[in-house]
Each structure stands twice: as structure tokens, then as C-alpha cells.
Amino acid sequence: MEDADAFIAGLPKAELHIHIEGSLEPELTMALAARNGVALRFASIAELRAAYSFSSLQDFLDLYYEGMRVLLHEQDFYDLATAYLKKAASQNVRHAEIFFDPQGHTDRGVPFKTMIDGLWRALKDAERAYGMTTALILCFLRHLDEASAQRTLDEALPWRDHFIGVGLDSSEKDQPPSKFERVFARARGLGLKAVAHAGEEGPPDYVRQALDLLKVERIDHGVRALEDPALVRRLVHERIPLTVCPLSNVRLRVVPDIAAHPLRRMLRDGLMATINSDDPAYFGGYMNENFSAARFDRDEIVTLARNGFLAAFCDDGTKRRYLSELDAYGLSRR
Ligand code: HPA
Ligand code: ZN
């Protein structure tokens, strides 16, 4: 029998939790800084990479926002997304739903159009080149106020057909989902899907708020939901997918180490957990590395990949095609 890493590498996968700005590798950061004349406080790629040691979500976010300052032109966003999609395709990611943070760019004076045109062109080119499917999810930054989120949604409306949903990310502590109830209601009224980061650093109650107030269809992270047995029962009963990111959770100290990660327990409890990379350039790995990290057995690996396709927002025909691909792959390697 082939080893687990080879099995994971060939496994058809869906990625549902990836921040495109978090796929900015140090090499591209330095290249774009030079191309655009942006001054960085790091003199070399090695120096920048050495800064990738985080004590918390906020500690990471400070560097994440600093890094994205090199993104100025349409081509920069194209290059960023193209690099991610090439890597994802090489790892047999068949479907990717990609978060982007408009306020991280528009607040620096980069027009919404510049960003979305570059991302969109990259997605369409990758779909043709790799035969994969892709989608964008617009995330609101939760450390900013609701008015800013509403303005961002206004600005995005001319490109309504370029994104399938809205999400909520950035600093979780003291930033409850309730702050964004109205903007999420408006987005859902426009036919957009809703997801939110909750229960990464924030308490189980934020997961509840995301479900009850934002009416999300998936929870991003959600690991702290395990502290609340009634909430776990609800997530199981309602089959709410959790987009879990093991290496991110280790790097941001949500869990002490990979051996302590509760993913296996999540599966045993009947939660619909999926595996994702979050910010792969910063956390030490893309999809394959995240699947490999926790040393799952074959059945667990296939279940996690199946959950990814089941939880995806693609149409039923596409979903069935990917699930058949996955079944054929699993059977051929028994
Ligand atoms: N959590 C919250 N916000 C984020 C993250 C994350 O892991 N990555 C990028 N923005
Ligand atoms: Zn995330």
C-alpha cells in the first residue's frame, strides 16, 4: 500500500477556507515590493520568513496586513491568485472557494475594481488551464465597523456576479458576529451565501451568534465549539460544516501542538469537519501538508475530503462529479 502522503497527494480535494492574501509567499512579497517601489522593513526573503512566528491571531494579522501593502496593481492581484491556484492544482485541489479582504486594499487607496479584476482574471485562467472550479467569497474585516462593511458591499455590487458569498474574518476577540447582523441580512437578501470565522479564538457563543444572527451556512474554524456540548450536538444535528485549518491552529496557538488538535474527535463526534490551509504562505503548508499533519488513517482522510465537496457551494452536478471522482480514487487504492 502506498504511504499516506502519496495517497493524500493524489486525492481530489476541495479547499473552502483560504485567504488569498495569506497565500502571499515571501518571494512574491519581495518581488512585488521591488516592482512597485514599496519599502519593507525586511531586507531579504530569509529575514521576512524569519518573522513568521506568531503568538496569537492578532500577532499574525499585524504581519498579514503589512505584507499585503505590496499589492497595488491589477497584475499584482493576478500574480498572487495565479500562484495560489497553480499550487492548489498541483496538489489536486479540484474546487477552491477563495476569501478576499477588500477593506485591506480599499482602505489603502487600491480601487475595488483593481483588486477584483486581477483576482477574477486569475480564476478564469486557472479554470481553463487546470480544469478546476473556483469561486470568490468577500470577507468583511470584523475589527472595522458595520458602516465600513456596508460601504464595502455597496462598492462590490457592480461585480455581484464575481463572488458567491460573504464572510467575516480578522481579529475575533471582542468582535462578536452580532456587530454585522444587518450587513449579513442585506447580503443574504442579494442571494449571497454567508459564512463566518467563529470559535477560532472567540468563545462558543460567537459560533451560536454566527448561526442565529448571521445565518451562516458554514463556520470557519469552529474548534472552540467543542467546549460546549449542546452546541456540538446542534452542529451535528444541523450538519453545519466546519472549515478547520490544522496548521493554522498550531501556528496561532489555538492548540498547543498538532497531537492535541481535536480534528479526530470532531469526526468521531459526527461533526462535518473539512481540512483547509487558511493562510498557507504563513502557516507552513498548503492542502496536502494540512491533510498530512494529523496522521489520519485512510478512512478519515477520505471522509475529510468528502466533507469538503459536500460542504462546497458548487452546483449539484459539479458536486456529484467530484464525489464520483473521489469514490473512484478511494476504491482504486484499496
Ligand atoms: N482568522 C481570522 N482572520 C484571518 C485569518 C484567520 O485565521 N486569516 C486571515 N484573516
Ligand atoms: Zn481564516
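Residues numbered from 1 in each chain as written. Chains lettered and ligands numbered in written order. Predicted model: local features only at pLDDT ≥ 70, side-chain atom pairs only at ≥ 80, totals over all residues. Heavy atoms only, no water.

K.L.:
How would you explain the pairing of strand 2 (residues 93-100) if you had to name every residue and give the values?
P.N.:
Burial of strand 2 is extensive: eight of the eight residues sit out of reach of the surface. The sheet contact formed by strand 1 (residues 13-19) and strand 2 spans five bridges and is parallel. If you follow His-19 over to strand 2, its bridge partner there is Phe-99. The pairing of strand 2 with strand 3 (residues 133-141) spans six bridges and is parallel. (Buried < 20%, exposed > 50% of the residue type's maximum accessible area, 1.4 Å probe, protein only. Helix = DSSP H or I, 4+ residues; strand = E, 2+ residues; numbered from the N terminus. Pairing = 2+ DSSP bridges.)

K.L.:
So what about the coordination of the zinc ion (ligand 2)? Which residues, and what values?
P.N.:
Binding of the zinc ion (ligand 2) to the protein goes through His-17 (NE2), His-19 (NE2), His-197 (NE2) and Asp-278 (OD), at separations of 2.0 to 2.2 Å. Under the relative-accessibility criterion, His-17 is labelled buried at 0%. (Donors = N, O, S within 2.8 Å, 3.2 Å for Na, K, Ca; no water.)

K.L.:
Just give me the short version of the sheet that holds strand 5 (residues 193-198), but keep the residues and values in it.
P.N.:
The parallel open sheet is built from eight strands, whose spatial order is 1-2-3-4-5-6-7-8. Looking at which strands have only one partner, the edges of the open sheet turn out to be strand 1 and strand 8 (272-275). Between one strand axis and the next, the sheet turns through 25° on average, direction left out of account. Relative to strand 5, strand 4 (residues 165-169) runs parallel, the two sharing two bridges. Looking across to strand 5, one finds that Val-166 is bridged to Ala-194. Contacting strand 1, strand 2 and strand 3, helix 5 (residues 74-90) runs over the sheet at an angle of about 150° to strand 2. (Axes fitted to C-alpha atoms, helices over the stretch in contact; angles between N-to-C directions. Contact = heavy atoms within 4.5 Å.)

K.L.:
Explain the pairing of strand 5 to me, and be specific about the residues and the numbers.
P.N.:
In terms of burial, strand 5 is largely enclosed, as five of its six residues are buried. For the crossover from strand 5 across helix 10 (residues 204-212) to strand 6 (residues 218-221), the handedness is right-handed. (Right-handed = clockwise from strand over helix to strand, strands pointing away.)

K.L.:
Any chance you could break down the site of ligand 1 for me, citing the residues and the numbers?
P.N.:
Around ligand 1, a shell composed of His-19, Leu-57, Phe-60, Leu-61, Tyr-64, Asp-169, Ser-170, His-197, Glu-200, His-221, Asp-278 and Asp-279 is seen. Measuring from a nitrogen atom of ligand 1, one finds a backbone N or O atom of Ser-170 at 2.8 Å. Between Glu-200 and ligand 1, the recorded distance is 2.7 Å, taken from a side-chain N or O atom to a nitrogen atom. Computed on the free molecule, ligand 1 has an accessible area of 260 Å², of which 100% lies beneath the protein chains in the complex. Of the residues forming the shell around ligand 1, the biggest block, four residues, is contributed by helix 4 (residues 57-67). (Near = heavy atom within 4 Å. Polar contact = N/O pair within 3.5 Å; in protein donor to acceptor, adjacent residues only side chain to side chain. Areas by Shrake-Rupley, 256 points an atom, 1.4 Å probe, with all protein chains shown as cover.)

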